[in-house]
Amino acid sequence: MLRGDAAGMTVVGLDNIGKSHGAGADGLHDISLTLETGDFCFITGARGAGKTTLLNIIALADKPSSGTLILFDTDALEADRATRSALRRRIGIVFQEPRLLDHLSVADNIGLPLRIAGTPEMEIRQHVGELADWLGIAHRIDSGPQALSIGERKRAAAARAIVSRPDLLIADEPMDGVDDETVPMLMRAFEQLHNLGTTVLVATHDLAFARHSGRPSLHLDRGALAIADDGAAG
Amino acid sequence: MSALAAFRGRLARALPGDSSAPLLACMIALLGFLATLGGGALVLLGDDVREKSLSLGDALTLQIPASASTARIEMSLALLRQTAGIRSVRLLEPAETARLLEPWLGPAAATDTLPVPRLVDVTVEPHVAIDVAGLRQRLASIASGALLEDHRLALDGFRGAAFRAEALIALGLAAVAALGGALTLLMTRTRLALHRATFELFHLIGAADGDLARPIQADALIQGLLGGAIGAVLAVVALTAVGGAIAPVRLSASGFADWRLWGVAIAVALVAGLIATGGARIAVLRQLARMP
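These numbers were taken from a predicted model, which means no experiment stands behind them.

**Student:** How would you explain the overall build of chain B if you had to name every residue and give the values?
**Tutor:** A count of helical and extended segments in chain B gives nine helices and four strands. Expected size for 292 residues packed as a compact globule is a radius of gyration near 19 Å; at 31 Å, chain B overshoots this value by more than 25%. Dimensions of chain B, computed from C-alpha atoms along their principal axes, come out at roughly 100 × 40 × 30 Å. Residues counted as buried form 32% of the 292 residues belonging to chain B.

What follows is the structure, given as structure tokens:
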């Protein structure tokens, strides 16, 4: 269990979260975890260990079979639909697959969370332009996602997750399959967001990468939290 | 931002286009056409009932055989005038009778050489009971073969038939409306299924159900209004063009100048828009309710 500033808000609070995928399939077993404002941690584990399931539950993309989920001091499982939508708007998600929409330009894909939040068009363009420039995809901003390389797609997906400066950033294997240029770019973006006060949770199967980051990490093994490594910084 | 864009909501621009929209508009146009025909038929049937009620609601006709003498005719008229509840009695001139027979016998018929009975137009006081059977007996005793027709009985039968026809048409209209709603529901579900990944993504990054439903409802409203209006206008044209030939409903509408037909057409277009909107909203909210 990670603890940040005692006075901080509980950004993520999992209490005995379980998820059953049916007989014979691995799910999650009694996961308890607390992330407070400003935490930055990794969840490591082999493929199939349950990292994506856990992140989906935190991102309100899936419901647990048991347990309690607190997001921003709100009981997310008991909240009504409008409240859950509002909670989702405070979360940025980098999905394992970029999930960019082919019918939109890269700029429109990145600006989607701002559009959903009702941000004025001029502001959307400005934020998207700055972020695309920072992540090295400004030259692709008017293209369709099909024109992007895998690394550029990952960067565009990351830009979409952070463009609204969320209170919680969840990234599922963001470095998976990307080129050497993209990895430091994404980490720099996550660090920058963290410095602005966002709580960051990154799932990766790459233990060495998590250790190298110097951030605390939790290890998931067949649906259970097995190891808590507080890392060098936290 | 244009008014249409504002109406469709802020997420409209980010949603994929709907290739099935023209198909939905065409199907609603077909239903709008049927609904307007039904609505027009209701209006015209109502006209017919009103007209018949006015002309026959207080009328009896007495036929006196051609062989009856003038004295017997006068006696019959006197009997009618003395009967309580009868407001007026008028013996039709042979020329008037000939004009009434013209549609059957033609203008060249020599009605003066035919044994055409004398007709008496009798008007009764409304809502006053008259012993028609007794009156028939007394008239027959004056002029053998005299026949007193009570049109009010026929009118009751006509009203009953018209009411049943109106009920059937109303049932048909309800079925058309339900079909329109089901059709929109199905088409919207198909659209949502085709773009499921997009809607899921919107949902996951925080789009509220109402915000997601709004552009789809707006699209359905536009298709409903457009389809309904096209179908309704075509139906008014069809009613006007072939109206006079449709039996047994005697269409007395004055074609394009009849504001009531246009009223029906406008109502059909508006209702089509509303039903399409409702169907789309239900489909979207149901689909979203399946997402966590």
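**Student:** I'd love a proper account of the overall build of chain A, names of residues and values included.
**Tutor:** Scanning chain A from terminus to terminus reveals eight helices and ten strands. For 234 residues, the compact-globule estimate of 2.2 N^0.38 gives 17 Å, and the C-alpha radius of gyration of chain A, at 17 Å, lies within 12% of that figure. Its C-alpha atoms put chain A at 45 × 40 × 40 Å along the principal axes. By sequence separation, contacts in chain A at least 24 residues apart represent 70% of the contacts at least 6 residues apart.

**Student:** Would you mind going over the sheet that holds strand S2 (residues 86-91) of chain B in detail, with residue names and values included?
**Tutor:** All names here are of chain B. If you walk across this open sheet you meet the four strands as S2-S3-S1-S4, and the pairing is antiparallel. Taken across any chain shown, the strands that pair with only one partner, and hence form the sheet edges, are S2 and strand S4 (147-150). Averaged over all neighbouring strand pairs, the angle between strand axes comes to 20°, with direction disregarded. Taken together, the four bridges between strand S1 (residues 59-64) and S4 define a ladder with antiparallel strand orientation.

**Student:** Can you break down the confidence of the model for chain B residue by residue, with the values?
**Tutor:** On average, residues of chain B score 86 in pLDDT, and 93% of them are at 70 or above. Element-level pLDDT for chain B is lowest in helix H1 (residues 3-8) of chain B, with a mean of 73, against a maximum mean of 93 in helix H9 (residues 259-289) of chain B.

**Student:** I'd love a proper account of the nonpolar core, names of residues and values included.
**Tutor:** Among the nonpolar cores identified, the biggest contains 117 residues, and Ile110(A), Ala158(A), Ala159(A), Leu169(A) and Ile170(A) are the most heavily contacted of them. Here the element with the most residues in this core is H9(B); it accounts for 13 residues. Leu60(B), Leu62(B), Leu80(B) and Val124(B) belong to the second largest nonpolar core, which has twelve residues in total.

**Student:** Let's hear about the confidence of the model for chain A: which residues, and what values?
**Tutor:** Residue and element names in this part refer to chain A. When pLDDT is averaged across chain A, the result is 87; 91% of the residues are at 70 or more. Within chain A, no element has a lower average pLDDT than strand S10 (residues 224-229), which sits at 71, and none a higher one than helix H3 (residues 106-110), at 96. Scored below 50 in pLDDT, residues 1-7 shows 18 contacts in the model against residues more than four places distant or in partner chains.

**Student:** Hey, could you go over the environment of Asn16(A) for me, with residue numbers and the actual values?
**Tutor:** Residue and element names in this part refer to chain A. Here Asn 16 shows up in strand S1 (residues 10-19). Among the residues examined, Asn 16 registers 12 C-beta atoms within 10 Å and is labelled exposed. In this structure, the C-alpha to C-alpha distance between Asn 16 and Leu 33, residues 17 residues apart in sequence, is 8.6 Å. If near-sequence neighbours (up to four positions away) are discounted, Asn 16 is found in contact with Asp 30, Ser 32, Ser 66 and Gly 67.

**Student:** Residue-level account of helix H6 (residues 151-194) of chain B, with values.
**Tutor:** Residue and element names in this part refer to chain B. Helix length check: H6, at 44 residues, gives a terminal C-alpha distance of 63 Å against a target of 64 Å (1.5 Å per residue), a fit within 8%. Listed as buried for H6 are Leu 173, Val 176, Gly 180, Thr 184, Leu 185, Met 187, Thr 188 and Arg 191. The elements touched by buried residues of H6 are helix H2 (21-56), helix H8 (209-242) and H9.

**Student:** Lay out the domain arrangement of chain B with the relevant residues and their values.
**Tutor:** Domain boundaries assigned for chain B yield domain 1 (3-53 + 156-289) and domain 2 (66-145). The centre of domain 1 of chain B, based on its C-alpha atoms, is set 53 Å off from the matching centre of domain 2 of chain B.

**Student:** Explain the sheet that holds strand S5 (residues 74-75) of chain A residue by residue, including any values.
**Tutor:** Residues and elements named next belong to chain A. A sheet is described by the order of its strands in space; here four strands give the open sequence S2-S1-S4-S5, paired in antiparallel fashion. Because the sheet does not close on itself, it has two edges, and the strands there are strand S2 (28-36) and S5. Two strands pair when backbone bridges link them, and S1 and strand S4 (residues 66-71) are joined in this way by five bridges, in the antiparallel orientation. Paired with Gly 18 across the bridge in S4 is Ser 66.

**Student:** Give me the environment of Thr182(A): which residues, what numbers.
**Tutor:** Residues and elements named next belong to chain A. Among the structural elements, Thr 182 can be located in helix H7 (residues 182-195). Expressed as a C-alpha distance, the spacing of Thr 182 and Ile 150, which sit 32 residues apart in the sequence, is 9.6 Å. Apart from residues no more than four positions distant in its own chain, Thr 182 is found in contact with Gly 151, Lys 154 and Arg 155.

Parameters at a glance
Residues numbered from 1 in each chain as written. Chains lettered and ligands numbered in written order. Predicted model: local features only at pLDDT ≥ 70, side-chain atom pairs only at ≥ 80, totals over all residues. Helix = DSSP H or I, 4+ residues; strand = E, 2+ residues; numbered from the N terminus. Rg over C-alpha atoms; globule rule 2.2 N^0.38 Å. Buried ≥ 20, exposed ≤ 12 C-beta atoms within 10 Å, placed from the backbone. Contact = placed C-beta atoms within 7 Å. Pairing = 2+ DSSP bridges. Axes fitted to C-alpha atoms, helices over the stretch in contact; angles between N-to-C directions. pLDDT = per-residue confidence, 0-100. Core = buried A, V, L, I, M, F, W, Y, C linked by C-beta atoms within 7 Å. Expected span 1.5 Å × (residues − 1). Domains from an automatic or database assignment.

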